[in-house]
Amino acid sequence: MATPGVLIVETQGATDRTPLAAAPRRGVLRALLRRPAAALSLGCILVLVLMAVFAPVLSSLGGWSPYAFDPKAIDADLGGVPLGPLGGAGARHWFGVEPQSGRDIFARIVTGARVSITIAVLATALTTAIGVLMGMVAGYLGGVADQVISRLMDFLMAFPALIFMIALLSALPAGQRQYLLVVVLTFFGWPYTARIVRGQTLALKARDFVEAARSSGASDGAVVLREILPNLRGTILVLSTMSVPGFIGTEAGLSFLGIGVVPPTPSWGQMIAASVSWYTVDPWYFVIPGLFLFVTVLSFTVLGDHLKSVLDPGGNPS
Amino acid sequence: MIPYLLRRSGASVLVLFGITLLTFVVFFALSPDPAVTICGKTCTPDRIETIRGVLGLDQPFLTQYGHFLQGLFVGRRYGVGENAVQCAAPCLGFSFQTNQPVLQMIAARLPQTVTVAVGAAVLWLLVGVSGGLLGAIKRGTVWDKGAMLTALGGISLPNYFLALLLQYVLVVRLQVLPFPDSSIGLTQDPVGWFESYLMPWIVLAFGYASLYLRLTRDTVLDTLSENYVRTGRAKGLPRGLLLRRYALRPSMAPVVTLFGMDFAGLLAGALIAETVFGINGVGKLAADSIATNDQPVIMAVTLLAALLVVVGNMVVDVVYTLLDPRVRISQ
């Protein structure tokens, strides 16, 4: 999404109404790899994840720590503009250096990938876990539990989440910001998963096989875990894939506003924010993190679109 | 319909109430002592005590919250004796930084934000809906594919990145546009005004337009495969009429729903667009207050955003019932 990641998982088409296919594991991957766009985005995501995992190794391969200043790479007489074309990119600094400090952009990009992806993956895991649990409880039990959970979801979704996150993060002390970000993103994110899971649980509950399991004496817990949850697999896969780019975008947006990841820890959004005062003389400083952010969000969005159409062949192909 | 609307407004009031409480808890329980912030670096303990007394910070939480609500609805008085300051309802307090009433600060900057928001909304609705229609009608053609590809890019492009790109290419390199200047009024210099707001509009609208394009295309395609549309076609209705009368109206229901919520949520987007382009609106005010930890202002902007979202949701409900007769019957 374009707004600094509104975290709404836009669900268009079939996801809302009918449960997706239960996703036979191997078939999905094979079907995805047969589609060039999906295969390409899967490849990009793989590269990004490897980059995040091996960030320390990669930055030492590049020869620079993400925190080391390099006064030789910048022109002190011109206020610290990187020496050389392309923002100082070359054999010494692969992606160039930051103006003023001369910190290596390659090292900061890979470290930033680690920070951004960790936050997004943690937030996705938590929202999915809470969302699925709450959605199944509300849908399966109905009654008072459903009322309470549904009203809570309504309240949270009617909340100006982004503005409130901004207010909350600016009020809280800056230490441990990464974890706080995950908590805040999860707090406002889970209803979007829960709402869809609730709807599908309601639909599944009325199906014959659930009835059969119940009449043969299965307990509520067993029905939910063995009959309903496996049938939600496809939906959960699509929803979680689609929420990752939202979280990455939101984290970058918050960091851009100066209330996300705290310096000196690098983050892509924060790098773009720092580049605002330099963009006229050193455009590479914002283009590089911007491109990484764009490609990451794009890859996850494309993958999510294709996953949905693989699991739901009846929908409108895009 | 009236009882339904009453029930909805009752729920909205509850949501707003919940938001004031939550915002208040966050600011007055979790954040660092505002008295210390106001007092600055050269500060005596006595002075901090005085400030606490004037702002009522030494009182228990519920009393403070009560005063806050009282200020919102009937106005309140800060301090005692001849130094007391009266703040009329709706009182949002005074800025810690400038000592101005927060309400005035917001009111003064509202026109710029409204200009940015309304312009962007018009742009994204026009582009998004017509693009989506075009894609649905010419499904599978180059037009459709091109539109969908652009929309995919638009969804993934962070708006602050787009803002910097546009500003660098159009202003710095090609010099076809001037640097945005929000002090130019529409009446004194219409061209300058338009040039100043053009980039913020595009930046704010691009992502939404992409989203609406995808949504419109999907729902129009869905509607076109409905039985009544097929019946219309079988009866020999001209294509144009079929699209206008049969397909467009039901397809607009989800678009309207989304639009109400997105328009109400625009304040967050305006925050970024205004910061990057230096437009002196409410968004920039919020960003500046965050930087200086000016709590009354941040809190007021949060409440304004909440009010917008709640009102937006109610308007959506009404328009929805007007658009789709099925909703009316089910109530």
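The structure contained in this document is the topic of the report that follows. Remember, predicted model here, so these are calculated numbers, not experimental data. (Residues numbered from 1 in each chain as written. Chains lettered and ligands numbered in written order. Predicted model: local features only at pLDDT ≥ 70, side-chain atom pairs only at ≥ 80, totals over all residues. Heavy atoms only, no water.)

1. Quick word on the overall build of chain A
The helix and strand inventory of chain A stands at 12 helices and two strands. Its helices and strands taken in sequence order, chain A reads α-α-α-β-β-α-α-α-α-α-α-α-α-α from the N to the C terminus. Relative to its 318 residues, chain A shows a buried fraction of 57%. Put simply, of all contacts in chain A between residues at least 6 apart along the chain, 74% involve residues at least 24 apart. Per element, the accessible surface of chain A, about 13,100 Å² overall, is 67% carbon and sulfur. (Helix = DSSP H or I, 4+ residues; strand = E, 2+ residues; numbered from the N terminus. Buried < 20%, exposed > 50% of the residue type's maximum accessible area, 1.4 Å probe, protein only. Contact = heavy atoms within 4.5 Å. Areas by Shrake-Rupley, 256 points an atom, 1.4 Å probe, with all protein chains shown as cover.)

2. A closer look at the packing of helix 5 (residues 143–157) of chain A against helix 7 (residues 177–205) of chain A
Helix-helix packing is described using two parameters, namely the angle between the two axes and the distance between the axes. Residues and elements named next belong to chain A. Packing of helix 5 against helix 7 leaves a shortest axis separation of 9 Å and a crossing angle of 130°. On the basis of their axis angle, the class for helix 5 and helix 7 is oblique. The crossing of helix 5 and helix 7 is left-handed. Contact residues: helix 5 offers Asp146, Ser150, Leu152, Met153, Leu156 and Met157, while helix 7 offers Phe187, Phe188, Trp190, Pro191, Tyr192, Ala194, Arg195 and Arg198. Tallied by class, residues from the contact of helix 5 with helix 7 come to 10 nonpolar, one polar and three charged. (Axes fitted to C-alpha atoms, helices over the stretch in contact; angles between N-to-C directions. Parallel < 35°, antiparallel > 145°, perpendicular 65-115°, else oblique. Left-handed = near helix turned anticlockwise from the far one by under 90°. Nonpolar A, V, L, I, M, F, W, Y, C, P; charged D, E, K, R; others polar.)

3. Focus on a nonpolar patch on the surface
All names here are of chain A. Residues Leu46, Val49, Leu50, Val53, Phe54, Val57, Leu61 and Trp94 make up a contiguous nonpolar surface patch of roughly 770 Å² in combined accessible area. Within the residue set of the nonpolar patch, elements represented by two or more residues are helix 2 (36–53) and helix 3 (55–62). With four residues, the top contributor of residues to the nonpolar patch is helix 2. (Patch = residues over 30% accessible without salt bridge, like charges linked within 9 Å, V, L, I, M, F, W, Y side chains within 5 Å. Salt bridge = Lys/Arg side-chain N within 4 Å of Asp/Glu carboxyl O.)

4. Focus on the environment of B:Ser156
Along the polypeptide, B:Ser156 turns up in helix 6 (residues 142–156). Note: C-alpha distance between B:Ser156 and B:Leu322 (166 residues apart in sequence) is 34 Å. Those residues within four positions of B:Ser156 in sequence are excluded, and the remaining contacts are A:Phe294, A:Val297, A:Leu298 and A:Thr301. Reaching out from B:Ser156, the side chain makes a polar contact with the backbone oxygen of B:Leu152 at a distance of 3.0 Å. (Polar contact = N/O pair within 3.5 Å; in protein donor to acceptor, adjacent residues only side chain to side chain.)

5. A closer look at the interface of chain A and chain B
Contacts between the two partners involve 47 residues from chain A and, on the opposite side, 53 residues from chain B. With both chains or domains summed, chain A and chain B bury close to 4,400 Å², and 75% of this area falls on carbon and sulfur atoms. On the surface where chain A and chain B come into contact, there are one salt bridge. Across the pair A:Asp305 and B:Arg214 runs a salt bridge whose closest N-O atoms are separated by 2.9 Å. Viewed at the interface, chain B and chain A are joined by three residue pairs in polar contact (both at pLDDT 80 or more). Of all elements in the fold, only helix 6 (161–171), helix 10 (233–256), helix 11 (268–275) and helix 12 (284–311) of chain A reach the threshold of two or more residues within the side of chain A that touches chain B. Among the elements that line the side of chain A that touches chain B, the one with the most residues is helix 12 of chain A, at 11 residues. When its residues are assigned to classes, the side of chain A that touches chain B shows 33 nonpolar, 11 polar and three charged. (Buried area = accessible area lost by both parts, 1.4 Å probe.)

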